[in-house]
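# Breakdown of the fold
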Amino acid sequence: MKTVNWLEETQKRKEELIRTTQSFLQMKSVLDPATAKEGAPFGEGIREALDYALGVCEQAGMTIKDVRGYAAHAEFGQGEELIGILSHVDVVPEGDGWSTPPFAAEIVDGKIVARGAIDDKGPTMAAIFAAKIVMELGLPLSKRVRFIFGTDEESSWKCVNTYFATEEMPTMGFTPDADFPLIYAEKGLTDLTLRQTLAAFQAKTAHETADVQAKLVSLQSGLRMNMVPDKGEAVLIPQELDAQAIVERYRQHLADNDLKGSAEEKDGLVVLRMEGVSVHGMDPGKGVNAGTHLIHFLHTLQLDARATSYVRFADQYLHNQHYGQTLGIAHDDAEMGPLSLNTGVLEYQAEGDAIFRLNIRYPHSVSFEHWSAVLAAHGAEEAFELEVVEHLTPHRVDPNHPLVTTLQRVYTEQTGEEAGIIAIGGATYGRSLDVGVAFGPLFPGRPDSAHQRDEYILVDDLIKATAIYAQAIYELAK
Ligand SMILES: [Zn+2]
């Protein structure tokens, strides 16, 4: 067997690769319900990009199949087993502030700048060209290789759900939609609501607290479960403590704890505002949760009975409990890291519901059934009911699986660098495959421009990724 110089083979096709990638990027494949129709469920732009990718594959000699425009595949090779390469042709909206038009795909300083350049149309085209190289070299394969193109990865993943409802699940595969060297494990992801209705609280508690200093009318903090809230606001009615005293106490609390916020008296009410630091909910300890910090102050006041219940629960179980320590659900996994807890949204209405919306991520070595039961039991202490809004189970491929070891070896041969494997708290497209990992396209140390203005892929990285994917496809399918 002659040895192939994958980088050299890629260089020979460089101009065509760049041109084809640019044309692909020039299609505005943003979700557009206004132009959705039979065969194009997410609109015309996405349909056009899907057809373009299929066209390149068909011209290369692959057989294609369209699954009602939700997803499509292109296949080559032969054999029982199937190697999957899963990517997506849709992109997030371009947003404002670009230095060059977002769908011009101009080359600036060695970068192709366009929405979708790194996520995920650039790497999609790199992988297609990688397959073209394998095909054009006429290398013998003992397995089939299938590109699966999704069309709404950036929104609801209906594409893969629809596709895999009827189509074959690959034996193993990768998605070029995250980071090099390789992501082999992803935590389980949950969005949960703890809700206490007024009726449930009243059924539990008959008596009002004595000597109430203030009544909590409302509290609001945060917009999304997977973000640490950076703003919080509470409205109080002064009782035993007058408005000015509450305002002064709050200002003192802010000063003592090095926090930012404000307090004002307005129409007989006191409005307290807290400013935190918003970060992604997968690592809540890096932020400052405005909502739970506000709660921590309220906990120093004698409030009405219902507010006391709400505040006590949050102060004990949620404030600075980024790993669920006091809830008793903390669990650290040597490989995948700890269970993490983010309180993304806090809502309290004296005459309505009292709510915490949580984002909890957990490693594969602890069971959802176990920790969610513990959480539900603590919630029940204060008449909160637990609702599971979203649950994605942990995803992991054994580090000794040939998929992982083969891709590691290929990465090292192509880059000369060690291929450490990564476990993450987020989710990649790789979890749509039963045995799937994320493999590129972002090289270690490169800033991630996905979803940002001036999104780009370095031309050199596009070439390098293509060479890596070419060898990977061959090694996995030979
Ligand atoms: Zn993506």
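Residues numbered from 1 in each chain as written. Predicted model: local features only at pLDDT ≥ 70, side-chain atom pairs only at ≥ 80, totals over all residues. Heavy atoms only, no water.

The name recorded for the chain in an unreviewed UniProt entry is Dipeptidase PepV, from Brevibacillus choshinensis. UniProt annotates the chain under Cofactor (unreviewed entry) with the comment "Zn(2+)". (UniProt positions renumbered as here; feature names shortened; annotations may be inferred.)

## Some thoughts on the pattern of salt bridges
Under the counting rule described, the total for this entry stands at 30 salt bridges. Of the charged contacts, one joins Arg195 and Glu387 as a salt bridge, the two residues approaching to 2.9 Å between their closest N and O atoms. Of the two residues, Arg195 sits in strand 10 (residues 188-196) while Glu387 sits in strand 19 (residues 385-392), which places them 192 residues apart along the sequence. Exposure remark for Glu387: the relative accessible area of 31% places this residue in the partly exposed category. (Salt bridge = Lys/Arg side-chain N within 4 Å of Asp/Glu carboxyl O. Helix = DSSP H or I, 4+ residues; strand = E, 2+ residues; numbered from the N terminus. Buried < 20%, exposed > 50% of the residue type's maximum accessible area, 1.4 Å probe, protein only.)

## Section: the coordination of the zinc ion
The coordination sphere of the zinc ion contains the protein donors His88 (NE2), Asp119 (OD), Asp177 (OD) and Asp177 (OD), at a distance range of 1.9 to 2.6 Å. Coordination of the zinc ion draws on donor residues from a single chain, spaced H-x30-D-x57-D in sequence. Placement of Asp119 in the loop between strand 5 (111-113) and helix 4 (121-136) and of Asp177 in the loop between strand 7 (172-175) and strand 8 (178-179) is noted, with a sequence separation of 58 residues between them. Judged by its relative accessible area of 13%, Asp177 is buried. (Donors = N, O, S within 2.8 Å, 3.2 Å for Na, K, Ca; no water.)

## A short note on the sheet that holds strand 10
Working definition: the strands of a sheet are paired by backbone hydrogen bonds and lie parallel or antiparallel to each other. Sheet architecture is open: 8 strands sit in the order 13-14-12-11-17-18-10-19, paired in antiparallel fashion. Single-partner strands in this sheet number two, and they are strand 13 (260-266) and strand 19. Here the strands of the sheet are splayed against their neighbours by 20 degrees on average, with no regard to which way each runs. As paired strands, strand 13 and strand 14 (residues 269-275) are joined by 7 bridges and run antiparallel to one another. Across the sheet, the residue bridging to Lys266 is Leu269, located in strand 14. (Pairing = 2+ DSSP bridges. Axes fitted to C-alpha atoms, helices over the stretch in contact; angles between N-to-C directions.)

## Here we look at the packing of helix 8 (residues 290-298) against helix 9 (residues 305-317)
At a minimum axis distance of 9 Å, the contact between helix 8 and helix 9 shows a crossing angle of 120 degrees. Considering the angle they form, helix 8 stands oblique to helix 9. In this structure, helix 8 meets helix 9 at a crossing whose hand is left-handed. Residue-level contacts link Ile295, His296 and Leu298 of helix 8 to Tyr310, Val311, Ala314 and Asp315 of helix 9. A breakdown of the residues in the contact of helix 8 with helix 9 according to their chemical character gives 5 nonpolar, 1 polar and 1 charged. (Parallel < 35°, antiparallel > 145°, perpendicular 65-115°, else oblique. Left-handed = near helix turned anticlockwise from the far one by under 90°. Contact = heavy atoms within 4.5 Å. Nonpolar A, V, L, I, M, F, W, Y, C, P; charged D, E, K, R; others polar.)

## Considering the sheet that holds strand 24 (residues 456-458)
Taken in spatial order, the 3 strands of this open sheet run 4-5-24, and their pairing is antiparallel. Across the chains shown, the open sheet's two edge strands, defined by having one partner strand only, are strand 4 (106-108) and strand 24. The mean angle between the axes of side-by-side strands here comes to 30 degrees, regardless of whether they run parallel or antiparallel. Across 3 bridges, the pairing between strand 5 and strand 24 is antiparallel.

## Section: the side chain of Ser449
The residue Ser449 is located in the loop between strand 23 (441-442) and strand 24 in this model. The class of Ser449 is buried, set by a relative accessible area of 7%. Among the polar contacts made by the side chain of Ser449, one reaches the main-chain amide nitrogen of Tyr456 at a distance of 3.1 Å. Sequence-distant contacts of Ser449, defined by excluding residues within four places in its chain, comprise Ile118, Asp454, Glu455 and Tyr456. (Polar contact = N/O pair within 3.5 Å; in protein donor to acceptor, adjacent residues only side chain to side chain.)

## Overview of the state of the cysteines
What we call a disulfide is simply a covalent bond connecting the sulfur atoms of a pair of cysteines. Summed over the entire model, instances satisfying the criterion amount to 0 disulfides. Summary of cysteine pairing: Cys57 is not part of a disulfide, and the nearest cysteine sulfur, belonging to Cys159, is at 16 Å. In this structure Cys159 comes out as buried when scored by relative accessible area, which is 0%. (Disulfide = S-S within 2.5 Å.)

## What about the environment of His299?
On the secondary structure map, His299 appears in the loop between helix 8 and helix 9. Residue classification places His299 among the partly exposed residues on the basis of a relative accessible area of 40%. Along the primary structure His299 and Leu407 are separated by 108 residues, whereas in three dimensions their C-alpha atoms are 53 Å apart. Sequence-distant contacts of His299, defined by excluding residues within four places in its chain, comprise Val311, Arg312 and Asp315.

## Quick look at helix 10 (residues 368-381)
For helix 10, which comprises 14 residues, the first-to-last C-alpha distance of 20 Å matches the rise-based estimate of 20 Å (1.5 Å per residue) to within 8%. Buried within helix 10 we find Phe368, Trp371, Ser372, Leu375, His378 and Gly379. Burial along helix 10 is one-sided: seen end-on, the buried residues are contained in an arc of 120 degrees. Taken together, the buried residues of helix 10 touch strand 10, helix 9, strand 18 (354-362) and strand 19. (Expected span 1.5 Å × (residues − 1). Arc of directions from axis to C-beta.)

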